[in-house]
Amino acid sequence: MAKLRKLVAGNWKMNMLAADGTALAAAIAAQAREAGTPPCDLLLCPPATILRLIAETVGDTPVAVGGQDCHSAESGAYTGDISAAMLNDAGASHVILGHSERRHGLGETDATVKAKAAAALQTGLTVIICIGETEAERDGGKTLDVLSTQLAGSLPLGSTLDGSSLVIAYEPVWAIGTGRTPGEAEIAEAHTHMREVLTGYIGAVAADVRLLYGGSVKPDNAAAILALDHVDGALVGGASLDAANFMGIAQAAG
Ligand code: PGA
């Protein structure tokens, strides 16, 4: 199978006000520009309040900007929510959906994630759908079943899907922000499984869908993780809040 160009995405979560966020994005954009063609695709997902500012800061450098969530409706009476078109309008090309902090913290279901993904695709955004097992599910030997179930429920199969519009992120819940990661064999097993399940749903197109690993990715473990079969990039939380760490991970993707 041809190697896909890797994607390293930073999930800033609920961090960064305008000044800090702009400085971070400017530092990343400057390093990306210096690198000429960066060794991988780069994406920053700031809070929605500064999305436009960050999009303007990275400008025409090879750094894309994305949202962290969107609503499934086009518009209407949804106080506090943000539509896919609003993200797009603010300069986003991507959106993270179904992050475990939303699934487990806010009760988002597979069906909700699927509806949001359909809306985002309709607007022309690339969707990054997050899936992953809890520690209890891993201990119970259920990891691959959980991934299958979440894929079955979250994939927007009614939409036209291709390798540029769909990204899947495998994020074990217990590895997020903890400094712990699965072993390399476990990551490879999960990613191989996701590719097989995806192929069952969308056939040959599945070969072009980037499968990211997320959960405590740092510059010192990135090279080993990114070298694994079917790992086509990383979704980075904590380490994305520092330009040197984020770009260290990006270099490891080269
Ligand atoms: P982490 O977060 O890199 O801080 O573990 C990853 C994520 O939540 O996407």
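Structure: see above.
Residues numbered from 1 in each chain as written. Predicted model: local features only at pLDDT ≥ 70, side-chain atom pairs only at ≥ 80, totals over all residues. Heavy atoms only, no water.

**Re the packing of helix α5 (residues 110-122) against helix α7 (residues 143-154)**
Helix-helix packing: each pair is described by the crossing angle between the helix axes and the interaxial distance. Contact geometry for α5 and α7: axes closest at 7 Å, N-to-C directions at 45°. One way to sum up the angle between α5 and α7 is to call them oblique. Side by side, α5 and α7 meet where Asp110, Ala111, Val113, Lys114 and Ala117 of the first sit next to Thr149, Gln150, Gly153 and Ser154 of the second. Among the residues forming the contact of α5 with α7, the class breakdown is three nonpolar, four polar and two charged. (Axes fitted to C-alpha atoms, helices over the stretch in contact; angles between N-to-C directions. Helix = DSSP H or I, 4+ residues; strand = E, 2+ residues; numbered from the N terminus. Parallel < 35°, antiparallel > 145°, perpendicular 65-115°, else oblique. Contact = heavy atoms within 4.5 Å. Nonpolar A, V, L, I, M, F, W, Y, C, P; charged D, E, K, R; others polar.)

**Describing the layout of surface pockets**
By volume, the largest pocket amounts to about 490 Å³. Lining the largest pocket are 18 residues, with Lys13, Pro47, Gln68, Asp69 and Arg102 positioned closest to its centre. Tallied by class, the residues present in the lining of the largest pocket amount to seven nonpolar, six polar and five charged. (1 Å grid on protein atoms, 1.4 Å probe; cavity = no way out; pocket = protein on both sides within 12 Å on 5 of 7 lines; lining within 4 Å. Points joined across faces, edges and corners; volume = space filled by probe spheres on them.)

**Observations concerning the sheet that holds strand β7 (residues 210-214)**
One closed barrel holds the eight strands; their spatial order is β1-β2-β3-β4-β5-β6-β7-β8, and the pairing between them is parallel. Here the average twist between neighbouring strands, direction ignored, is 25°. Sitting on the sheet, helix α2 (residues 51-58) is in contact with β2 (41-45) and β3 (63-67), with an inclination near 175° to β3. (Pairing = 2+ DSSP bridges.)

**Observations regarding the site of the ligand**
Taken together, 13 residues sit near the ligand, with Lys13, His99, Glu171, Gly177 and Ser216 positioned nearest. Here an oxygen atom of the ligand and a backbone polar atom of Gly237 are 2.8 Å apart. Within the backbone of Gly238, a nitrogen or oxygen atom sits 2.8 Å from an oxygen atom of the ligand. Here the ligand loses 97% of its free accessible area of 280 Å² to cover by the protein chains. Residue composition of the shell around the ligand, grouped by class: four nonpolar, seven polar and two charged. (Near = heavy atom within 4 Å. Polar contact = N/O pair within 3.5 Å; in protein donor to acceptor, adjacent residues only side chain to side chain. Areas by Shrake-Rupley, 256 points an atom, 1.4 Å probe, with all protein chains shown as cover.)

**Observations regarding unusual backbone geometry**
Even without a glycine there, the phi angle at Lys13 is positive, about 50°. You will see that Ser216, though not glycine, has its phi angle at about 60°, which is positive. Tracing the chain through its elements places Ser216 in the loop between β7 and α9 (219-226).

**Let's talk about the state of the cysteines**
With the rule as written, the count across this model stands at zero disulfides. Cys45 provides the cysteine sulfur closest to Cys70, a residue in no disulfide bond, and the two sulfurs are 12 Å apart. (Disulfide = S-S within 2.5 Å.)

**Comments concerning the pairing of strand β8 (residues 233-236)**
A two-sided burial pattern is seen for β8, the buried positions comprising Gly233 and Leu235 on one face and Ala234 and Val236 on the other. With four bridges joining them, strand β1 (residues 7-11) and β8 adopt parallel strand pairing. If you follow Val8 over to β8, its bridge partner there is Ala234. By the bridge criterion, two bridges tie β7 to β8 in an arrangement that is parallel. The residue of β8 that forms the bridge with Tyr213 is Ala234. Note that the unit made of β7, α9 and β8 has a crossover that is right-handed. (Buried < 20%, exposed > 50% of the residue type's maximum accessible area, 1.4 Å probe, protein only. Right-handed = clockwise from strand over helix to strand, strands pointing away.)

**Some words on the packing of helix α1 (residues 18-34) against α2**
Running from N to C, α1 and α2 point in directions that differ by 30°, and their axes come no closer than 9 Å. One way to sum up the angle between α1 and α2 is to call them roughly parallel. As α1 runs across α2, the sense of the crossing is right-handed. Each of Ala18, Gly21, Thr22, Ala25, Ala26 and Ala29 in α1 lies in contact with α2, whose residues at this interface are Leu53, Ile54, Thr57 and Val58. Residues belonging to the contact of α1 with α2 are distributed by class as follows: seven nonpolar, three polar and no charged. (Left-handed = near helix turned anticlockwise from the far one by under 90°.)

**Considering the side chain of His191**
As for its placement among the helices and strands, His191 is situated in helix α8 (residues 184-202). If we skip the residues at most four places from it in the chain, His191 touches Tyr170, Leu211, Leu212, Tyr213, Asp229, His230 and Val231.

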